[in-house]
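# Observations on chain architecture
Take a look at the letters that make up each chain.
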Amino acid sequence: MSETKDELAGVVDMFGALTRGELADALAELAFKQGKEVDVSAFEVVIEDGVRDFYLVEADADGETVLVPGPVAFPALPENAEDLPHIMDVPERTTDRERLGERVRKRLATEAETADEERARYLVDVSYDLEAWAPVEADDVRERLDESRPDRAN
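Residues numbered from 1 in each chain as written. Predicted model: local features only at pLDDT ≥ 70, side-chain atom pairs only at ≥ 80, totals over all residues. Heavy atoms only, no water.

So, about the overall build of the protein chain. Each helix and strand in the protein chain was counted, giving seven helices and two strands. Of the regular secondary structure in the protein chain, the N- to C-terminal order runs α-α-α-β-β-α-α-α-α. Over its C-alpha trace the protein chain gives a radius of gyration of 17 Å, about what one expects of a compact globule, namely 15 Å for 154 residues. When the backbone C-alpha atoms are referred to their principal axes, the protein chain occupies close to 55 × 30 × 20 Å. Of all 154 residues assigned to the protein chain, the portion counted as buried reaches 45%. (Helix = DSSP H or I, 4+ residues; strand = E, 2+ residues; numbered from the N terminus. Rg over C-alpha atoms; globule rule 2.2 N^0.38 Å. Buried < 20%, exposed > 50% of the residue type's maximum accessible area, 1.4 Å probe, protein only.)

Dropping the structure here:
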């Protein structure tokens, strides 16, 4: 399976929210349906990359940690994904977008403290996407990121 981060978000979006284990199971099902070898450890790395880059974000739903499509994601369905809801039994979950947006804003602020120049540029873009994705303001994060960039120094 040739998964992109938007395809990861697409799989999660189809269900609304998935645990990491459920997402790994969904990726394994897709790989099987596509006739490809399954390497579960590779899925863990792909999922973590999606979280690191804000394509997926962790949320609390009904007492468990789940993943939902993040602020930079443009969810897309990979080949054969339309069969997943018929194969997997996943409970319906609800998440609070405002609370989730604030959680992501705090994560951005924390990362801004130690971001190198390249990551800071990326996080500035994420901060704008975040404001479109959830009802939060990220001006303070952008200011902190701009101040930390050598190319923006006075």
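It is worth spelling out the packing of aromatic side chains at this point. In this structure the tally under the stated criterion is zero aromatic pairs. We note Arg107 situated over the ring of Phe54; from NZ or CZ to the ring centre the distance is 3.8 Å. We note Arg142 situated over the ring of Tyr128; from NZ or CZ to the ring centre the distance is 4.0 Å. (Phe/Tyr/Trp six-rings, centres within 6.5 Å; stacked < 30°, edge-to-face > 60°. Lys NZ or Arg CZ within 6 Å of the ring centre and 35° of its normal.)

Attention now moves to the pairing of strand β2 (residues 64-69). Where strand β1 (residues 56-61) meets β2, six bridges bridge the pair, whose relative direction is antiparallel. The residue bridging Glu58 from the neighbouring strand is Leu67, located in β2. The antiparallel pairing of β1 with β2 creates a hairpin that spans two residues between the two strands, and Asp62 there sits at a positive phi of about 50°. (Pairing = 2+ DSSP bridges.)

The first and last C-alpha atoms of helix α2 (residues 20-33) sit 20 Å apart over 14 residues, in line with the 20 Å expected at 1.5 Å per residue. Those residues of α2 not exposed but buried are Glu22, Leu23, Ala24, Ala26, Leu27, Ala28, Leu30 and Ala31. The first or second residue beyond α2 is Gly35, which carries a positive phi of 75°. (Expected span 1.5 Å × (residues − 1).)

Time to look at the pattern of salt bridges. With the rule as written, the count across this model stands at 18 salt bridges. In this structure, the salt-bridge partner of Glu111 is Arg119, at a minimum N-O distance of 2.9 Å. Neither residue differs from the other here; Glu111 and Arg119 are each classed as buried. The partner of Asp139 in a salt bridge is Arg142, with the nearest N and O atoms 2.4 Å apart. Of this pair, Asp139 and Arg142 are both found in helix α7 (residues 139-148), three residues apart, which corresponds to roughly one turn of the helix. (Salt bridge = Lys/Arg side-chain N within 4 Å of Asp/Glu carboxyl O.)

By secondary structure assignment, the location of Asp25 is in helix α2. For Asp25, a relative accessible area of 48% translates into the label partly exposed. Residues Asp25 and Met88, spaced 63 residues apart in sequence, show a C-alpha to C-alpha distance of 8.5 Å.

This next bit is on the nonpolar core. Leu23, Phe54, Leu56, Leu84 and Leu145 are the most contacted members of the largest nonpolar core, which has 48 residues in total. Of all the secondary-structure elements, those providing two or more residues to this core are α1 (5-15), α2, α3 (40-52), β1, β2, α5 (97-112), α6 (117-133) and α7. Of the residues forming this core, the biggest block, seven residues, is contributed by α2. Not counting residues up to four positions away in its chain, the partners in contact with Leu23 are Leu8, Val11, Val12, Leu18, Ile47, Leu56 and Leu67. (Core = buried A, V, L, I, M, F, W, Y, C linked by side-chain atoms within 4.5 Å. Contact = heavy atoms within 4.5 Å.)

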